[in-house]
Amino acid sequence: MIKSELVARLAEQNPHLYQRDVENIVNAILDTIADALARGDRVELRGFGAFSVKRRDARTGRNPRTGETVSVSQKVVPVFKTGKEMRMRLNGGVDDQVGK
Amino acid sequence: MAGRTVTRADLSEAVYQRVGLSRTESAALVEAVLKELCDCLARGETVKLSSFGSFVVRSKGERIGRNPKTGVEVPIEPRRVLVFKPSNVLKARINGGGEGE
């Protein structure tokens, strides 16, 4: 499913809204998540999962094709951790958490 | 880094501010969006959200794991996991830049 299909499905379920409104709703949600991550905040959505950011230190990398060394500067990457309920749904209602 | 946690309530507030629906309806729509995403992924379908990222369901085979505390070997059953691949746009935004690398 891509964003436009998501918007189309929601518009179908909500005939009183314009497709344009539904698009704004989806974008408002995604922008709010992105802005939160840009501030370094965490986004927790029960039943789905949680987004957070992790810092990656600067390192010396290598161009895999040429073998040249390149310096990779410090950066922040977004990470997503699947929530418990979602994990169970993916596995037919059984919690697969390793170690449990 | 701050350490605030953003939740459904904040997403509803953003929808309320931006779209001009009632607070109740904004909350219901945030719920509907999440439900649609979760249902789709539960069916094993990939969800691609342009300029945000994609969610992919991967099937993992069985492997032997080990309880790190006791050292006892335990089989890890085949299972499905959800992975998020952030788009370059999102990565750039989080690093304070404008566009992707």
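Model, not experiment: these values are computed from the prediction.

Glancing now at the overall build of chain A. When its secondary structure is counted, chain A shows three helices and five strands. The order of α-helices and β-strands along chain A, N terminus first, is α-α-β-β-β-β-β-α. C-alpha extents for chain A along the principal axes are approximately 55 × 40 × 30 Å. Expressed as a percentage of its 100 residues, the buried residues of chain A come to 42%. Nonlocal contacts in chain A, meaning residues at least 24 apart in sequence, comprise 27% of its contacts between residues at least 6 apart. For chain A, the accessible area works out to roughly 6000 Å², and carbon and sulfur atoms hold 47% of it. Distance between charge centroids for chain A: 8 Å, based on 18 positive and 13 negative side chains.

Quick look at helix α1 (residues 8–19) of chain B now. Given 3.6 residues to a turn, an α-helix orients residues that are three or four positions apart in the same direction. Its 12 residues give α1(B) an end-to-end C-alpha distance of 16 Å, which sits within 8% of 16 Å, the value for a rise of 1.5 Å per residue. Restricting attention to buried positions, one finds in α1(B) the residues B:Leu11, B:Ser12, B:Ala14, B:Val15 and B:Val19. Across the axial projection of α1(B), the buried residues extend over an arc of 160°, all falling on one side. Those residues of α1(B) that are exposed and aimed more than 90 degrees away from the buried face are B:Ala9 and B:Gln17. In this structure, the buried side of α1(B) is in contact with α2 (19–38) and β1 (42–45) of chain A together with α2 (23–42) of chain B.

Here the focus is the pattern of salt bridges. A complete count under the given rule lists 15 salt bridges over all chains for this structure. With a closest N to O distance of 3.1 Å, A:Arg39 and A:Asp41 form a salt bridge. In this structure A:Arg39 comes out as partly exposed when scored by relative accessible area, which is 48%. Note on A:Asp41: relative accessible area 3%, which makes it buried. Here B:Arg8 and B:Glu31 are joined by a salt bridge, their closest N and O atoms 3.0 Å apart. Taken together, the residues B:Arg8 in helix α1 and B:Glu31 in helix α2 connect sequence positions 23 residues apart.

Okay, the domain arrangement of chain A next. One can read the domain layout of chain A as domain 1 (1–41) and domain 2 (47–88). Between domain 1 of chain A and domain 2 of chain A, the C-alpha centre-to-centre distance is 25 Å.

Looking now at the interface of chain A and chain B. Taken together, the contacts link 49 residues of chain A with 50 residues of chain B. As a salt-bridge pair, A:Arg89 and B:Asp39 come within 2.9 Å of each other at their nearest N and O atoms. Here chain A and chain B share 18 residue pairs in polar contact (both at pLDDT 80 or more) between them. Mapped by element, the contributors of at least two residues to the side of chain A that touches chain B are α1 (3–13), α2, β1, β2 (49–56), β5 (75–82) and α3 (84–90) of chain A. Class assignment of the residues belonging to the side of chain A that touches chain B gives a composition of 26 nonpolar, 10 polar and 13 charged. In terms of strand pairing, β1(A) meets strand β1 (residues 5–6) of chain B through two bridges, oriented parallel. Paired with A:Val43 across the two strands is B:Val6, which belongs to β1(B).

What counts and how
Residues numbered from 1 in each chain as written. Chains lettered and ligands numbered in written order. Predicted model: local features only at pLDDT ≥ 70, side-chain atom pairs only at ≥ 80, totals over all residues. Heavy atoms only, no water. Helix = DSSP H or I, 4+ residues; strand = E, 2+ residues; numbered from the N terminus. Buried < 20%, exposed > 50% of the residue type's maximum accessible area, 1.4 Å probe, protein only. Contact = heavy atoms within 4.5 Å. Areas by Shrake-Rupley, 256 points an atom, 1.4 Å probe, with all protein chains shown as cover. Lys, Arg positive; Asp, Glu negative; His and termini not counted. Charge placed at Lys NZ, Arg CZ, Asp CG, Glu CD. Expected span 1.5 Å × (residues − 1). Arc of directions from axis to C-beta. Salt bridge = Lys/Arg side-chain N within 4 Å of Asp/Glu carboxyl O. Domains from an automatic or database assignment. Polar contact = N/O pair within 3.5 Å; in protein donor to acceptor, adjacent residues only side chain to side chain. Nonpolar A, V, L, I, M, F, W, Y, C, P; charged D, E, K, R; others polar. Pairing = 2+ DSSP bridges.

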